[in-house]
Amino acid sequence: MISSVRGLVRSAVGSTVVIEVGGVGLGIQVTPATALGLRINDEARLVTTLIVREDSLTLYGFPSADELAVFELLVGVTGVGPKSALGVLAVLSPNQIAQAVAGDDDGVFRKVSGIGPKTAKLIVLSLAGKLAVTAATSPTRAAPATSVAASVQAALIGLGWSERVAAEAVDETLTELADAAGDDAAPPAVAAVLRLALGRLGPAAHHATGSAASSTGTARS
C-alpha cells in the first residue's frame, strides 16, 4: 500500500501528475485543481491510495487526508468507480459533498460525468452519517484574476473541452462571482473557479463538445 508520495514534480497535465521519488517517476491521478496547484521541479507531497485491478495498478493522489477519505467513501458506493469519484472531487470540495449529503441533495452529483440519477441518489444514501459538515472551509490565497482565468481555461482544455467553450465557461463563471461578491472583493482562487466552471459545463456540455469534434472530423474525411 502506497499511503503517500513526496518528491519533485516532473509533469502536471490535465488530471495526471508525475512525481519523481528516488529516481522513479510515479504517475498519479489527481483532480485538475490539484494539478494546477503543483509546479514543475518543485517538491510536492500527496496522500495516496493504490487501486488494484486485474489489468492495472493506478495511484490516486490528494493534497489532504479529507479528500482521500471522501474519495475512498465514494469508491465504496455501488456504481461509483475511481474515475467518477475523482470527478466528484473535481467539482465539489469535501465540505460541499458533506453538505449535499446532509441536505439529501443528489442533484449536485448528477453534474458529474458518468453519474446518473440512481447512482447520485445512492451516493447520498450510502454516505449519510459518514461525513461531517464544517462551518467554513480554510481560506485559499487568491491569485490575480487574469492568472486565474488562464489557469482554469488551460485545465478545461486539458480535460477535453474546446478553447472556445472553456473560455466562455471561465468568463461566465468569473462574471457571476464578481457580481455576487462586489467590486471590492479579492480575486477568487483557481480551485474555486475551476469547480464552478466544471459544474457549469456539466457532462452534457462535455459530450456535446466531443460530438462536435467527431462530426467535424467526419466531414473533413
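The preceding data block contains the structure.
Treat the numbers as computed from the prediction; the structure is a model and nothing was measured. (Residues numbered from 1 in each chain as written. Predicted model: local features only at pLDDT ≥ 70, side-chain atom pairs only at ≥ 80, totals over all residues. Heavy atoms only, no water.)

A. Structural detail: the overall build of the protein. Secondary structure summary: the protein contains eight helices and five strands in total. In sequence order, the protein lays out its α and β elements as β-β-β-α-β-β-α-α-α-α-α-α-α. The buried share among the 221 residues of the protein stands at 38%. Restricting to contacts in the protein with at least 6 residues of sequence separation, those with at least 24 account for 57%. By element, 53% of the accessible surface of the protein is carried by carbon and sulfur atoms, the whole surface being about 11,900 Å². (Helix = DSSP H or I, 4+ residues; strand = E, 2+ residues; numbered from the N terminus. Buried < 20%, exposed > 50% of the residue type's maximum accessible area, 1.4 Å probe, protein only. Contact = heavy atoms within 4.5 Å. Areas by Shrake-Rupley, 256 points an atom, 1.4 Å probe, with all protein chains shown as cover.)

B. Focus on the side chain of D106. By the element assignment, D106 lies in the loop between α4 (94-102) and α5 (117-127). Non-local contacts of D106, meaning those with residues more than four positions away in its chain, are made with P117, A120, K121 and V124.

C. Structural view of the nonpolar core. L74, I97, F109, V152 and L156 are the most contacted members of the largest nonpolar core, which has 46 residues in total. In this view, L74 contacts V80, A85, V88, I97, I123 and L127; residues no more than four positions away in its chain are not counted. (Core = buried A, V, L, I, M, F, W, Y, C linked by side-chain atoms within 4.5 Å.)

D. Structural view of the pairing of strand β3 (residues 24-29). In the sheet, strand β2 (residues 16-21) pairs with β3 via six bridges, with the strands oriented antiparallel. Residue pairing in the sheet places V21 in a bridge with V24 of β3. Linkage of β2 to β3, two consecutive antiparallel strands, is achieved through a turn of two residues, within which G22 is found at a positive phi near 60°. Of the strand pairs in this sheet, β3 and strand β5 (residues 56-62) are connected by two bridges, and their pairing is parallel. Each bridged residue has a counterpart across the sheet, and for I28 the counterpart in β5 is L59. (Pairing = 2+ DSSP bridges.)

E. Looking closely at the pattern of salt bridges. Under the criterion given, the structure shown has five salt bridges. With a closest N to O distance of 3.2 Å, D104 and K121 form a salt bridge. Taken together, the residues D104 in the loop between α4 and α5 and K121 in helix α5 connect sequence positions 17 residues apart. D104 sits in the partly exposed class, given a relative accessible area of 43%. For K121, a relative accessible area of 31% translates into the label partly exposed. A salt bridge links R200 to E172; the shortest N-O distance between them is 3.5 Å. Within this pair, whereas R200 is found in helix α8 (residues 190-220), its partner E172 is found in helix α7 (residues 163-181), the two being separated by 28 residues in sequence. Residue classification places E172 among the partly exposed positions, given a relative accessible area of 42%. (Salt bridge = Lys/Arg side-chain N within 4 Å of Asp/Glu carboxyl O.)

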